[in-house]
Amino acid sequence: MNDVMMALGPYRFSIASAAYQSLQRRAAYNWSSIERIGASPARQYVGPAGETISLEGVIYPSFSGGLGQVDKMRLTAGLGLPLPLIEGRGRVLGFWSIVGVDEGQTIFERGGAAQRIEFGLELERYDGGLASILRF
């Protein structure tokens, strides 16, 4: 994956196609609150709540990858399957589900084709069993 920044299942983020400009990763943790008489609530750690990754980037279709790249992201999301997420250096980040795809278009040419496409991708970590991934 030499020029690939990251791979999400069959989709590749790269400088030559859809390059993300920012990556935000958030891990949340669950704490249960127990009400007490005459005192502040007691808190107890009950486990991880989950992780999310937000990718934002820009595509210049006339220079790299063509116009259908965000459509490919939507198609990949529409599969309804958790997908392996692998960094360009080979580090496996586990399975992730696409929960949102955003698109914005600016700088149009004749015929309405955008010269600049901004995209956002929201991922959530999938920690379910392999049986649901292999349901097909």
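As the structure is a prediction and not an experimental result, all values here were calculated from the model.

A. The arrangement of the overall build of the protein in detail. If you tally the helices and strands in the protein, you get two helices and seven strands. Here the C-alpha atoms of the protein give a radius of gyration of 19 Å, more than 25% beyond the 14 Å that 2.2 N^0.38 yields for 136 residues. For the protein, the spread of C-alpha atoms along the principal axes amounts to about 70 × 35 × 30 Å. Per-residue burial for the protein yields a buried fraction of 34% across its 136 residues. Long-range pairs, those at least 24 residues apart, make up 59% of the contacts in the protein with a sequence separation of at least 6. Carbon and sulfur atoms provide 54% of the accessible area of the protein, an area that totals close to 8,500 Å². Separation between the mean location of the 13 positive side-chain charges and that of the 13 negative ones in the protein comes to 4 Å.

B. Quick peek at the nonpolar core. Core analysis: the biggest nonpolar cluster contains 21 residues, and Leu 8, Phe 13, Met 73, Leu 85, Phe 119, Leu 121 and Leu 123 have the highest contact counts within it. Among the secondary structure elements, those contributing two or more residues to this core are strand S1 (4–8), strand S2 (11–14), strand S4 (39–59), helix H1 (69–78), strand S5 (83–87), strand S6 (92–108) and strand S7 (114–126). In terms of residue count, S7 provides more of this core than any other element does, five residues in total. Once you skip the residues sitting within four places of it in the chain, Leu 8 turns out to touch Phe 13, Leu 83, Pro 84, Leu 85, Trp 96, Ile 98, Leu 121 and Leu 123.

C. Layout of the environment of Ala 19. Note on placement: Ala 19 falls in strand S3 (residues 19–36). Ala 19 sits 15 residues away from Val 4 along the chain, and the two C-alpha atoms are 9.0 Å apart. Beyond its immediate chain neighbours, meaning those up to four positions away, Ala 19 contacts Met 5, Ser 14, Gly 57, Val 58 and Phe 119.

D. Up close: the environment of Thr 106. With respect to the helices and strands, the residue Thr 106 is situated in strand S6. Separated by 59 residues in sequence, Thr 106 and Gly 47 have C-alpha atoms that sit 43 Å apart. Sequence-distant contacts of Thr 106, that is, excluding residues within four places in its chain, are made with Ala 114, Gln 115 and Arg 116.

E. Inspection of the packing of aromatic side chains at higher detail. Inspection of the entire model under this criterion finds four aromatic pairs. Both rings, one in Phe 13 and one in Tyr 20, keep their centres 5.9 Å apart while their planes meet at 75 degrees; by these two values the pair is edge-to-face. Pair check on accessibility: Phe 13 and Tyr 20 agree, each one buried. In textbook terms, an aromatic cluster arises when at least three aromatic residues are bridged by ring pairs, as seen for Tyr 11, Phe 13, Tyr 20 and Phe 119.

Analysis parameters
Residues numbered from 1 in each chain as written. Predicted model: local features only at pLDDT ≥ 70, side-chain atom pairs only at ≥ 80, totals over all residues. Heavy atoms only, no water. Helix = DSSP H or I, 4+ residues; strand = E, 2+ residues; numbered from the N terminus. Rg over C-alpha atoms; globule rule 2.2 N^0.38 Å. Buried < 20%, exposed > 50% of the residue type's maximum accessible area, 1.4 Å probe, protein only. Contact = heavy atoms within 4.5 Å. Areas by Shrake-Rupley, 256 points an atom, 1.4 Å probe, with all protein chains shown as cover. Lys, Arg positive; Asp, Glu negative; His and termini not counted. Charge placed at Lys NZ, Arg CZ, Asp CG, Glu CD. Core = buried A, V, L, I, M, F, W, Y, C linked by side-chain atoms within 4.5 Å. Phe/Tyr/Trp six-rings, centres within 6.5 Å; stacked < 30°, edge-to-face > 60°.

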